[in-house]
Amino acid sequence: MQFYQLPEPAMRLPEWTPELKPQPEDLVQAVLQRRGGKLLPLDRGLLWSEPFTRGWNVFVKAVRMDMGGSKKLRELAISTVSLLTGADFEYQAHSKEFLAQGGTQAELDAMKDALADNPRAPAASTTLGAIEKVVIQYAAQMTLDVKVHDTVFSELKKHMDTTDIVELTGAIATYNMVARFLVALEIT
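Residues numbered from 1 in each chain as written. Predicted model: local features only at pLDDT ≥ 70, side-chain atom pairs only at ≥ 80, totals over all residues. Heavy atoms only, no water.

What about the overall build of the protein chain?
We count it as follows: Every helix listed is a DSSP run of H or I at least four residues long, and every strand listed is a run of E at least two residues long, numbered separately from the N terminus. What the globule rule says is 2.2 Å times the number of residues to the power 0.38, and the radius of gyration is computed from C-alpha atoms. Each residue's exposure class comes from its accessible area (1.4 Å probe, protein chains only) as a fraction of the maximum for that residue type: buried when under 20%, exposed when over 50%, partly exposed otherwise. Note on definitions: a residue-residue contact is assigned when non-hydrogen atoms from the two residues lie within 4.5 Å. Accessible surface area values rest on a Shrake-Rupley calculation with a 1.4 Å probe, where residue burial reflects the displayed protein chains alone. When charges are counted, Lys and Arg contribute as positive and Asp and Glu as negative, whereas His and the chain ends are disregarded. To locate a charge, take NZ of a lysine, CZ of an arginine, CG of an aspartate or CD of a glutamate.
Scanning the protein chain from N- to C-terminus turns up nine helices and zero strands. Its C-alpha atoms give the protein chain a radius of gyration of 17 Å, near enough to 16 Å, the size a compact globule of 188 residues would have. Dimensions of the protein chain along its principal axes, counting C-alpha atoms only, are 55 × 35 × 30 Å. Within the protein chain, buried positions represent 45% of all 188 residues. Taking the contacts inside the protein chain whose residues are at least 6 apart along the sequence as the reference set, 66% of them involve residues at least 24 apart. Of the roughly 9,400 Å² that the protein chain leaves accessible, carbon and sulfur atoms contribute 56%. Side chains of the protein chain carry 20 positive and 24 negative charges; the gap between the two charge centres is 1 Å.

Put into C-alpha cells, the structure is as follows:
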C-alpha cells in the first residue's frame, strides 16, 4: 500500500491572527496553555471558529492527557491513523511521542511495513508484540473500513479491559477527525 503524501502547499485558509478574526482572550489563552505557550498551524486553523475551538480544546486535551491506559499504545494507534490518512504533521508529532513513551524506531518501522503490506491483516513482524500488532490492525480497520472484524476485536479483548478498549477506540476516532481536518485544509 502506498501512503498518500500531501504536497507541501500553503494552508488552504489564511493562518488565524487576532487582527483577522478577534477571539475571546480566554479561548486563545486556553489553547496556548494546552500547547505550552505556542500556537501550532492546526490551532491557527481552528481559531477561525470560537465554538469549534472551545470544544476541540477540551475534548482533545481529555483524549491526550486525561485518559488512562497505555500511552505508548495510544500513540502507536494515532501514528497508524496519521500514516493511513496522510496526516504527516500528526505522524511527526505522535511518532516522537510514541518513542518518548518507550516505543522504538524498529517498532515504528515494523508498523510502516505492516501498513504498506496489508493494513487490514495482522502484522507479520517479529519486532512487534501481540498487543502492538492488534492495536495497529484495529486502528487500520477503524480508519479504512470503520467496521472492525470480530476476530480483531476478540484479540483486542485478550489484552485490554473494557475501559482501555473504549479509550483506545475514542483516541483512534478522535485522531481520524484530527487527520481529516488537517488533510482537507492542507494544514502542514
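After presenting the structure, the write-up continues.
Points about the side chain of Thr-174
For clarity, the threshold we go by: A 3.5 Å cut-off defines polar contacts: any pair of N or O atoms within that distance qualifies, except that in protein one atom must be a possible hydrogen donor and the other a possible acceptor, and neighbouring residues in sequence count only when both atoms are side-chain atoms.
Mapped onto the secondary structure, Thr-174 falls in helix α9 (residues 162–184). A distance of 2.7 Å separates the side chain of Thr-174 from the backbone oxygen of Gly-170, its partner in a polar contact. Among residues more than four places away in sequence, those in contact with Thr-174 are Phe-59, Val-60 and Val-63.

Describing the nonpolar core
Short version of the rule: For the purposes of this section, nonpolar cores are sets of buried Ala, Val, Leu, Ile, Met, Phe, Trp, Tyr and Cys residues that join through side-chain atoms within 4.5 Å.
Membership of the largest hydrophobic core comes to 47 residues, with the highest contact counts inside it found for Met-111, Val-135, Tyr-138, Leu-156, Met-160, Leu-168 and Ile-172. Counting residues per element, the ones that place at least two in this core are α2 (41–46), α3 (50–66), α4 (71–85), α5 (88–100), α6 (105–117), α7 (130–145), α8 (150–159) and α9. The dominant element in this core, judged by the number of residues it contributes, is α9, at 10 residues. Once residues lying within four places of it in the same chain are set aside, the contact partners of Leu-156 are Val-134, Val-135, Tyr-138, Ile-165 and Leu-168.

Focus: the environment of His-159
Looking at the secondary structure, you find His-159 in helix α8. Judged by its relative accessible area of 35%, His-159 is partly exposed. Expressed as a C-alpha distance, the spacing of His-159 and Asp-109, which sit 50 residues apart in the sequence, is 23 Å. If sequence neighbours within four positions are ignored, His-159 has contacts with Ala-130, Ile-131 and Val-134. A polar atom in the side chain of His-159 sits 3.2 Å from the side chain of Glu-155.

Quick word on the pattern of salt bridges
Worth spelling out the cut-off: Salt-bridge detection follows one rule: a side-chain nitrogen of Lys or Arg within 4 Å of a carboxyl oxygen of Asp or Glu.
The tally for this structure, following the rule as stated, stands at 12 salt bridges. The closest approach of N and O atoms between Asp-145 and Arg-120, which form a salt bridge, is 2.8 Å. With a gap of 25 residues between them, Asp-145 in helix α7 and Arg-120 in the loop between α6 and α7 connect regions that are remote in the sequence. By relative accessible area, which is 36% here, Arg-120 ends up partly exposed. A salt bridge links Glu-155 to Lys-158, with the nearest nitrogen and oxygen atoms 3.1 Å apart.

Details of the packing of aromatic side chains
The condition is simple: A pair of aromatic rings is counted whenever rings of Phe, Tyr or Trp (Trp by its six-membered ring) have centres within 6.5 Å, and the orientation is called stacked for planes under 30 degrees apart, edge-to-face for over 60 and tilted otherwise.
Under the definition given, this model contains four aromatic pairs. On the basis of an interplanar angle of 55° and a centroid distance of 5.4 Å, the ring pair of Trp-56 and Phe-181 is categorised as tilted. Of this pair, Trp-56 sits in helix α3 while Phe-181 sits in helix α9, and the two are 125 residues apart along the sequence. Grouping residues by exposure puts Trp-56 and Phe-181 together as buried.

Here's the deal with the packing of α4 against α5
Here is the rule we go by: Lines fitted to C-alpha atoms define the axes here, with helix axes fitted over just the stretch in contact, and angles between the N-to-C directions of these axes take values from 0 to 180 degrees. An angle below 35 degrees is read as roughly parallel, one above 145 as roughly antiparallel, one from 65 to 115 as roughly perpendicular, and any other as oblique. Take the far helix as the reference: if the near one is turned anticlockwise from it by less than a right angle, the crossing is left-handed, and if turned clockwise, right-handed.
Two elements in contact, α4 and α5, have axes separated by 8 Å at closest approach and are oriented at 155°. Here α5 runs roughly antiparallel to α4, going by the angle between their axes. Where α4 crosses over α5, the handedness of that crossing is left-handed. Residue-level contacts link Lys-72, Glu-75, Leu-76, Ile-78, Ser-79, Ser-82 and Leu-83 of α4 to Glu-90, Tyr-91, His-94, Ser-95, Glu-97 and Phe-98 of α5.

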